[in-house]
Amino acid sequence: MDFQISMTGFVALYVFLLAGFAGWVIIGHVPAILHTPLMSGSNFVHGIVVVGGLYTLLGARTPTEQAIGFVAVLLGAGNAAGGFAVTRRMLAMFQTAEAKPARAKPRHHKKG
Amino acid sequence: MLTSLPSLVIGLADLAAAFLFLYGLKRMSSPATASSGIFVAGVGMVAAILASFLYVFDVVEAARPHLYANIGLAVVALAIGGGLAWWSGKRVAMTAMPQMVALYNGMGGGAAGAIAAAELFGNRTSGATELVVTLLGALIGAVSLSGSLIAWAKLDGVINKPLRFPGQQVVNAMALVATLAVGGLIVAAVFGIAVPLLSLPVWICVFFGLAILFGVLMTLPIGGADMPVVISIFNAFTGLAVGLEGFVLQNPALMIAGMVVGAAGLLLTLLMAKAMNRSIANVVFTNFGDAPKQKQGAIVGNLKPVQAADAGIAMRYAKSVIIVPGYGLAVAQAQQKLFEFVKLLQGAGVVVKFAVHPVAGRMPGQMDVLLAEAGVPYDMIFQLDQINDEFATTDVALVIGANDVVNPAARTDKGSPIFGMPILNVDKARHVYVVKRGEGKGYAGIVNALFYGDNCDMVYGDAKVALVAMIEAVRGLTAAAA
C-alpha cells in the first residue's frame, strides 16, 4: 500500500470538517421542491459503503469474515442501486411547461 | 513497485468518486440540472466499485488462499443486492417512496455495521482511536438499520400504531447506556484492562444486539406523522456511520461521501423540524399524538357542504385559483384528475397555481414529486414562503386532502398543539373549497377552524370522485355554450 495515504487524528478530522461543511452548503441551496429526490440522492451517495464492504470481503481470511463481508456487500449494493433507481425516476419527472412535449423522457437508459 | 500501481489507481478512482459525488449533489440543487446530477454521482459510484476490485493485489497473506472464492462471493453479492434493489426501485409507486428510501437507507446502515463487525471480530483495529471509532460507527449503523426497518414497517402499514408504554424514555435511555457500557467493556477487554465475564466475540454480539434493540425502541413510539423527520435523521446517521467506517478502513471516498451525507441529512432534518415548528428533540422524545389535551379555542360557525359540481363551476368563473394538495390527494390517487381539471381551468383563462406545504406528504417534498409524476410542470408549484401572501388576492383556494397545514389555529390559538407551525394562509382567500372524505379530524387530531369560516364550503367525498364531478360540470358548461 505504498500510495495509501495514512490518515490519522487531526488530518481525518479536517477531512470530516470540510466534507461536512461542503454537504451543508450544497444542500442549503436546494429548493424545497427537490427535497425528496435530494434525500434519496444523498441516500444513494452513502451507498459508497459498498466499497468498504468489498474491501472487507476481498480481504476476508475466515468463513466468518467472508459471511460478514458478503452481507456488507449485499446490503451496500442494495443501498447504491436502489438509491440510484428511485432518484433517477423521480428527477426524470421534473420538467417545465415549455420543455414538456418535446423531451419528456431522460436521454439515456442506463443498464443495471 | 508492482503492488503499488493498483493502490494508485484505487486512490485516483476514489478521488474522482468524491469529486463526482459533490458535483452531482451540486447539480441536484436545481430542477433544471437535477436529473444529470444523479448520473454524475452514478458514474463516480461505478468507478469506485470497479476500482475497489484492484484491492485483490494488495490483500494480506492470510486472505490469499481465499481470494478466488472472495471475488466470486463479491460478484454474487453485488448482483443479488444490486439487482433486487434496482428491480424494486423501478417498480415502487411514487406514493410508497418514503418507505423505500427508508429501506435502502437501512441497508446502508447495515452495511456499515457489518464492516465494523468484520473489523471487530477479526481484531483488525490497531490503536484505541480506531477501535472507538469502529464501535461508534457500528452503533450508529446498527441503530440506523433497525430504526429504518421500523420506519419502513410503519410507513408501509405493517405496524400501524405507535407502541408506547409508561417509562419508555427511561427504558430507551437504559438501552443506550447499556450499549455504550458494553462498548466500553470491549475497548477495555481488547487492551487487557478488564477481565470480562464472557469472551470477546460474545460481547461484540451483545453490543450489536443492544444497538439494534435501541434503534427499535427509539423508533417504535414515534407517530406516523413524524416519520419524514425520522427517515431524515436515519439518513444522516447512515452517512455518519459510513464516514466513520471510512476512517477505520483509511478510505477517503467513504469518509467524504459519508460526512457530506451526514451534514446534508442533519440540515434537511432541521429544515423539516422548522417547518413543523418543533425541535428535533421534540420529535424524537415526545409523543405528538399523546400531547396533553389542552383546551382549544371555541369555534364559531357551521360546516357548509356543497356539491362538487357547483364548486367546479365556481372555479371556472374565478380569475385566480390556488390549489393546496395534501396527502389525501395521493391516497385517493387523484393527482392525474386534478391536473386534468387544472388544464380545463387554464383553458378557460383561469390563473392556477399549486401551493405545497413543506411537510405535505410523508416525506419533505413528496407532494412535489407526486405532482410532477402527474405531469404538473414545476414552475406551477410554489412553496409556502413564495406564495403565502398571494392568498389574500386570490379568488378561490381549493384544499384537497390537506388539513393541519391549513389550520389557522396555528396562527391564532395559543392553546392549539400546532400553534406556531407555519401554515398556508388559505383562510385569507376570498373563497375556500375543501375536498375532504368526511368530517374527521386531521393527522394531528385537531379541529380545523378554517372549515367553519364564512368563506369556506366543504365538498365531502373521495377526492377522485369529486374531481371527476368538477371536470364533468365544467365540460358540460363549455358544451352548453357551444
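Keep in mind the model is a prediction, meaning the values are calculated, not measured.

The rules behind each value
- Residues numbered from 1 in each chain as written.
- Chains lettered and ligands numbered in written order.
- Predicted model: local features only at pLDDT ≥ 70, side-chain atom pairs only at ≥ 80, totals over all residues.
- Heavy atoms only, no water.
- Helix = DSSP H or I, 4+ residues; strand = E, 2+ residues; numbered from the N terminus.
- Buried < 20%, exposed > 50% of the residue type's maximum accessible area, 1.4 Å probe, protein only.
- Contact = heavy atoms within 4.5 Å.
- Areas by Shrake-Rupley, 256 points an atom, 1.4 Å probe, with all protein chains shown as cover.
- Lys, Arg positive; Asp, Glu negative; His and termini not counted.
- Charge placed at Lys NZ, Arg CZ, Asp CG, Glu CD.
- Phe/Tyr/Trp six-rings, centres within 6.5 Å; stacked < 30°, edge-to-face > 60°.
- Core = buried A, V, L, I, M, F, W, Y, C linked by side-chain atoms within 4.5 Å.
- Buried area = accessible area lost by both parts, 1.4 Å probe.
- Salt bridge = Lys/Arg side-chain N within 4 Å of Asp/Glu carboxyl O.
- Polar contact = N/O pair within 3.5 Å; in protein donor to acceptor, adjacent residues only side chain to side chain.
- Nonpolar A, V, L, I, M, F, W, Y, C, P; charged D, E, K, R; others polar.
- Axes fitted to C-alpha atoms, helices over the stretch in contact; angles between N-to-C directions.
- Parallel < 35°, antiparallel > 145°, perpendicular 65-115°, else oblique.
- Left-handed = near helix turned anticlockwise from the far one by under 90°.
- Patch = residues over 30% accessible without salt bridge, like charges linked within 9 Å, V, L, I, M, F, W, Y side chains within 5 Å.

### Describing the overall build of chain B
- Summing up its helical and strand segments, chain B has 17 helices and six strands in all.
- Here the C-alpha coordinates of chain B stretch approximately 85 × 50 × 35 Å along the principal axes.
- Burial statistics for chain B: of 482 residues in total, 56% are counted as buried.
- For chain B, the proportion of contacts with a sequence separation of at least 24, taken over those separated by at least 6, is 76%.
- For chain B, the accessible area works out to roughly 19300 Å², and carbon and sulfur atoms hold 67% of it.
- Averaging the coordinates of the 29 positive side-chain charges in chain B and doing the same for the 26 negative ones gives two points 4 Å apart.

### Quick notes on the packing of aromatic side chains
- The final tally for this structure, using the stated rule, is seven aromatic pairs over all chains.
- A centroid spacing of 5.8 Å and a plane angle of 85° characterise the contact between Phe-84 of chain A and Phe-39 of chain B, whose relative ring orientation is edge-to-face. Taken together, the residues Phe-84 of chain A in helix α4 (residues 63-92) and Phe-39 of chain B in helix α2 (residues 34-52) connect one chain to another.
- Judged by centre distance (5.9 Å) and plane angle (5°), the rings of Phe-19 of chain B and Tyr-23 of chain B are stacked.

### Considerations on the nonpolar core
- Among the nonpolar cores identified, the biggest contains 193 residues, and Met-315 and Val-426 of chain B are the most heavily contacted of them.
- Excluding residues that lie within four positions of it along the chain, Val-426 of chain B makes contacts with Val-324, Phe-391, Ala-397, Val-399, Val-406, Val-432 and Leu-450 of chain B.

### Looking at the interface of chain A and chain B
- Contacts between chain A and chain B engage 89 residues on the former and 112 residues on the latter.
- When chain A packs against chain B, close to 9300 Å² is buried across both sides, 77% of that on carbon and sulfur atoms.
- Three residues, Met-39, Tyr-55 and Leu-58 of chain A, lead the burial of chain A against chain B; their summed loss comes to 9% of the area buried on that side.
- For the pair chain A and chain B, the number of links is one salt bridge.
- Between Glu-65 of chain A and Arg-124 of chain B there is a salt bridge, with its nearest N and O atoms 2.7 Å apart.
- The interface formed by chain A and chain B includes 16 residue pairs in polar contact (both at pLDDT 80 or more).
- Of all elements in the fold, only α1 (9-28), α2 (35-45), α3 (49-58) and α4 of chain A reach the threshold of two or more residues within the side of chain A that touches chain B.
- Here the side of chain A that touches chain B takes 25 residues from α4 of chain A, the largest share from any one element.
- Split into classes, the residues belonging to the side of chain A that touches chain B amount to 49 nonpolar, 31 polar and nine charged.

### Here's the deal with the packing of α4 of chain A against α2 of chain B
- Look at α4 of chain A against α2 of chain B: their axes get within 8 Å of each other, and the N-to-C directions meet at 160°. With respect to α2 of chain B, the element α4 of chain A is oriented roughly antiparallel. In this structure, α4 of chain A crosses over α2 of chain B, and the sense of that crossing is left-handed. Residue-level contacts link Ala-80, Phe-84, Thr-87, Arg-88, Leu-91 and Ala-92 of chain A of α4 of chain A to Ala-34, Ser-35, Ile-38, Phe-39, Gly-42 and Met-45 of chain B of α2 of chain B.
- Counted by class, the contact of α4 of chain A with α2 of chain B contains eight nonpolar, three polar and one charged residues.

### Here's the deal with the environment of Phe-57 of chain B
- By the secondary structure assignment, Phe-57 of chain B is in the loop between α2 and α3 (67-91).
- Residues Phe-57 of chain B and Pro-6 of chain B lie 51 residues apart in sequence; the distance between their C-alpha atoms is 6.9 Å.

### A look at a nonpolar patch on the surface
- Taken together, Phe-10, Leu-13, Tyr-14, Leu-17 and Leu-18 of chain A make up a surface patch of nonpolar side chains, about 620 Å² in accessible area.
- Its location among the elements puts Leu-17 of chain A in helix α1.

Honestly, it's all geometry; don't read function into it.
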